[in-house]
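If you want the building blocks of each chain, they are given just below.
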Amino acid sequence: MDLVAEFDRNRRAVGGSGPTRTITLYRHYPAGTDEVWQAWTDPARLARWFEPVSGDLREGGRYTLTDSGTEGTVQQCSPPHTLRVSWEYEGSVSTVRLTLAAVSGGTDLELCHEVPADEHWHRFGPAAAGIGWEFSLVPLAMHLAGDPRRPSDVLEDTEFGRERTRHCATLWGTAHGASGVDGVTGDAAAAAAARTVEFYLDPG
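In this report, we go over the structure that sits alongside the text. (Residues numbered from 1 in each chain as written. Predicted model: local features only at pLDDT ≥ 70, side-chain atom pairs only at ≥ 80, totals over all residues. Heavy atoms only, no water.)

**A look at the overall build of the protein chain**
Broken down by element type, the protein chain carries eight helices and eight strands. Structurally, the protein chain occupies a C-alpha span of about 40 × 35 × 35 Å along its principal axes. The 204 residues of the protein chain split such that 43% are buried. A separation threshold of at least 6 residues defines the contact pool for the protein chain, and within that pool the share at least 24 residues apart is 55%. Accessible surface computed for the protein chain: about 9900 Å², of which carbon and sulfur atoms make up 51%. In the protein chain, which carries 18 positive and 29 negative side-chain charges, the distance between the mean positions of the two groups comes to 2 Å. (Helix = DSSP H or I, 4+ residues; strand = E, 2+ residues; numbered from the N terminus. Buried < 20%, exposed > 50% of the residue type's maximum accessible area, 1.4 Å probe, protein only. Contact = heavy atoms within 4.5 Å. Areas by Shrake-Rupley, 256 points an atom, 1.4 Å probe, with all protein chains shown as cover. Lys, Arg positive; Asp, Glu negative; His and termini not counted. Charge placed at Lys NZ, Arg CZ, Asp CG, Glu CD.)

Here it is in structure tokens:
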């Protein structure tokens, strides 16, 4: 697979008002909706491209992503179209909603992460969460296409991964500046994206 092209297939939007903001990614996968749904909800498959998951994986149940320690509640599970979970990490509580739509030639995916409009948001903007999801949707594409490479070997701690981090941050800064959310200027949005890059690539 051409992984540069796979990143370029992701589309981004920023929205929200009041106490929350939304980070939304859209993309098309040339796979059936049932197949994409199973990749998201079958624990054995999820571990191949995302993270191992444990818990009561039913609507109303609690889950834990065992690598990152993220946990939450399965708020809605409507196969094969809608999955909504709370996203609880280091004291921050947000919501992730996955929507799948069957279209000609495959499946359209919408992933919306609703986050608090808190100090973290105002410092780092949408790139902080957006980059993480970018680096998940591309491994999903690899998984669905049967690409034999391990995403961690290609994307984590590699020069390509660092370059894609910078690239995605720039695109999130552009989306933020164009959204009108928070009344930010393009320069302010770009500065928040730059702080996110520094956090990802030079956390010390």
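**Section: the pairing of strand 1 (residues 11-15)**
Sheet topology note: the strand 1/strand 2 (residues 20-29) ladder contains five bridges and is antiparallel. Among the inter-strand pairings, R12 is bridged to a residue of strand 2, identified as L25. Between strand 1 and strand 2, which pair antiparallel and follow one another directly, the connecting turn spans four residues, one of which, G16, has a positive phi of 105°. (Pairing = 2+ DSSP bridges.)

**What about the nonpolar core?**
The tendency in soluble globular proteins is for nonpolar side chains to be buried side by side. Membership of the largest hydrophobic core comes to 46 residues, with the highest contact counts inside it found for W40 and L109. At ten residues, the largest contribution of residues to this core is made by helix 5 (residues 127-145). (Core = buried A, V, L, I, M, F, W, Y, C linked by side-chain atoms within 4.5 Å.)

**Some details on the side chain of T33**
Structurally, T33 is set in helix 2 (residues 33-41). Given a relative accessible area of 9%, T33 falls into the buried group.

**Focus on the packing of aromatic side chains**
For the structure on display, the rule yields nine aromatic pairs. Relative to F50, the ring of W49 lies with its centre 5.4 Å away and its plane at 45°, an arrangement referred to as tilted. Centroid distance F50 to W133: 5.9 Å. Interplanar angle 5°. Geometry classified as stacked. A residue pair is termed long-range when its members are at least 10 positions apart, and F50 in the loop between helix 3 (43-49) and strand 3 (53-55) and W133 in helix 5 qualify at 83 residues. Each residue in the set W40, W49, F50, W87 and W133 is aromatic and connected to the rest through ring pairs, giving one cluster. (Phe/Tyr/Trp six-rings, centres within 6.5 Å; stacked < 30°, edge-to-face > 60°.)

**Details of the packing of helix 2 against helix 5**
In the contact formed by helix 2 and helix 5, the axes pass within 11 Å of each other and the chain directions differ by 120°. Looking at the two axes, helix 2 sits oblique to helix 5. For helix 2 against helix 5, the interelement crossing comes out right-handed. For the pair helix 2 and helix 5, the contacting residues are E35, V36, A39 and W40 in the first and W133, L137, L140, H143 and L144 in the second. Of the residues that constitute the contact of helix 2 with helix 5, the class distribution is seven nonpolar, one polar and one charged. (Axes fitted to C-alpha atoms, helices over the stretch in contact; angles between N-to-C directions. Parallel < 35°, antiparallel > 145°, perpendicular 65-115°, else oblique. Left-handed = near helix turned anticlockwise from the far one by under 90°. Nonpolar A, V, L, I, M, F, W, Y, C, P; charged D, E, K, R; others polar.)

**Brief notes about the environment of S92**
Here S92 is to be found in strand 7 (residues 92-103). Owing to a relative accessible area of 32%, S92 belongs among the partly exposed residues under this scheme. Separated by 54 residues in the primary sequence, S92 and Q38 place their C-alpha atoms 28 Å from one another. Setting aside residues up to four positions removed in sequence, S92 forms contacts with W87 and P116.

**As for the sheet that holds strand 3**
On the basis of which strands lie adjacent, the open sheet formed by eight strands has the order 1-2-8-7-6-5-4-3 and antiparallel pairing. Single-partner strands in this sheet number two, and they are strand 1 and strand 3. In this sheet, neighbouring strand axes are inclined to one another by 25° on average, regardless of whether the strands run parallel or antiparallel. As defined by bridge partners, strand 3 adjoins strand 4 (residues 62-65) across three bridges and the pair is classed as antiparallel. Bridge pairing links V53 to L65 in strand 4. Helix-sheet contacts for helix 7 (residues 159-179) involve strand 1 and strand 2, and the interaxial angle to strand 1 is about 40°.

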